[in-house]
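Coordinate inspection notes
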Amino acid sequence: MEIILKRIAKSESFTMGQLYLPPRENEQGMQLFCDTLEPTWRNYARGEKKVTGRSAIPEGRYPLVITRSPKFGGWRPLLLGVPMFKDVRIHEGNTRRDTAGCILVGRQVSPGVLENSKIWLQKLIKRLTQTGKVIDPMFITVE
């Protein structure tokens, strides 16, 4: 399964995006699933430096697995092999204060603010699994 995160707004304090999933039966093309929120985007290709806890991950294609998160106490998608980062997850949260480099999911209600994040996370995990089993392999491309 391939997932795409398209970043659509980069401000000085947060990054908004849209998460696209493969089509279900009777659908065509990638489908907009939900909105995303990350910390500030940095242009690593031009030498900008990571600010711990306040930087979005670099663009790229990463393997994605669902594992039990010690921090959140439940199952969350985990991105593997992200340069300069560790333990990057897709999880619930409503504002930039809820992310330290991870990707938050929900519906955008205003710039830098999501709502119903827990609901959208549950929907995402359900889409990433089939009858309780993880779809393998999974990748996320961050643009």
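The structure this text deals with has already been given above.
This write-up is about the structure you can find in this document. (Residues numbered from 1 in each chain as written. Predicted model: local features only at pLDDT ≥ 70, side-chain atom pairs only at ≥ 80, totals over all residues. Heavy atoms only, no water.)

Concerning the packing of aromatic side chains
Under the definition given, this model contains one aromatic pair. Consider the rings of phenylalanine 33 and tryptophan 120, whose centres lie 5.3 Å apart with planes at 90°: the pair is edge-to-face. Remark: tryptophan 120 occurs in helix H1 (residues 117-127) and phenylalanine 33 occurs in strand E3 (residues 31-38); sequence separation between them is 87 residues. Residue phenylalanine 33 shares its accessibility class with tryptophan 120, and that shared class is buried. Stacked on the ring of phenylalanine 85, the Lys or Arg lysine 50 has its end atom at 4.1 Å from the ring centre. (Phe/Tyr/Trp six-rings, centres within 6.5 Å; stacked < 30°, edge-to-face > 60°. Helix = DSSP H or I, 4+ residues; strand = E, 2+ residues; numbered from the N terminus. Buried < 20%, exposed > 50% of the residue type's maximum accessible area, 1.4 Å probe, protein only. Lys NZ or Arg CZ within 6 Å of the ring centre and 35° of its normal.)

Re the pattern of salt bridges
With the rule as written, the count across this model stands at five salt bridges. The salt bridge partner of glutamate 38 is arginine 7, with a shortest N-O separation of 2.8 Å. One end of the pair, glutamate 38, is in strand E3; the other, arginine 7, is in strand E1 (residues 2-10), with 31 residues separating them in the sequence. One salt bridge in this structure joins arginine 76 and glutamate 92, with 2.9 Å as the shortest N-O distance. Highlighted residues: arginine 76 in strand E5 (residues 74-79) and glutamate 92 in the loop between strand E6 (88-91) and strand E7 (103-110), separated in sequence by 16 residues. The class for glutamate 92 is buried, based on a relative accessible area of 15%. When salt bridges with common partners are traced through the structure, they connect Arg7, Glu38 and Glu59 into a single cluster. (Salt bridge = Lys/Arg side-chain N within 4 Å of Asp/Glu carboxyl O.)

Some points on unusual backbone geometry
Keep in mind that most residues, glycine aside, have a negative phi and that most peptide bonds are trans. Within the chain, methionine 84 stands out as a residue other than glycine whose phi angle is a positive 75°. Relative to the elements of secondary structure, methionine 84 occurs in the loop between E5 and E6.

Side note on the pairing of E6
The side-chain alternation of E6 yields two buried faces, one formed by Val88 and Ile90 and the other by Arg89 and His91. Across two bridges, the pairing between E5 and E6 is antiparallel. Residue pairing in the sheet places leucine 78 in a bridge with arginine 89 of E6. Here E6 pairs with E7 via two bridges, running parallel. By the bridge assignment for E7, histidine 91 is matched with leucine 104. (Pairing = 2+ DSSP bridges.)

Details of the nonpolar core
Core analysis: the largest hydrophobic core is formed by 26 residues, its most contacted members being Leu19, Ile57, Leu79, Ile90 and Ile140. For this core, the secondary-structure elements that each account for two or more residues are E1, strand E2 (15-21), E3, strand E4 (60-69), E6, E7, H1 and strand E11 (139-142). Contact partners of isoleucine 90, with chain neighbours within four places excluded, come to Leu64, Arg76, Pro77, Leu79, Ile103, Val105, Leu121, Leu124 and Ile140. Judged by nonpolar contacts, the second largest core, of five residues, contains Phe14, Met16, Leu37 and Leu114. (Core = buried A, V, L, I, M, F, W, Y, C linked by side-chain atoms within 4.5 Å. Contact = heavy atoms within 4.5 Å.)

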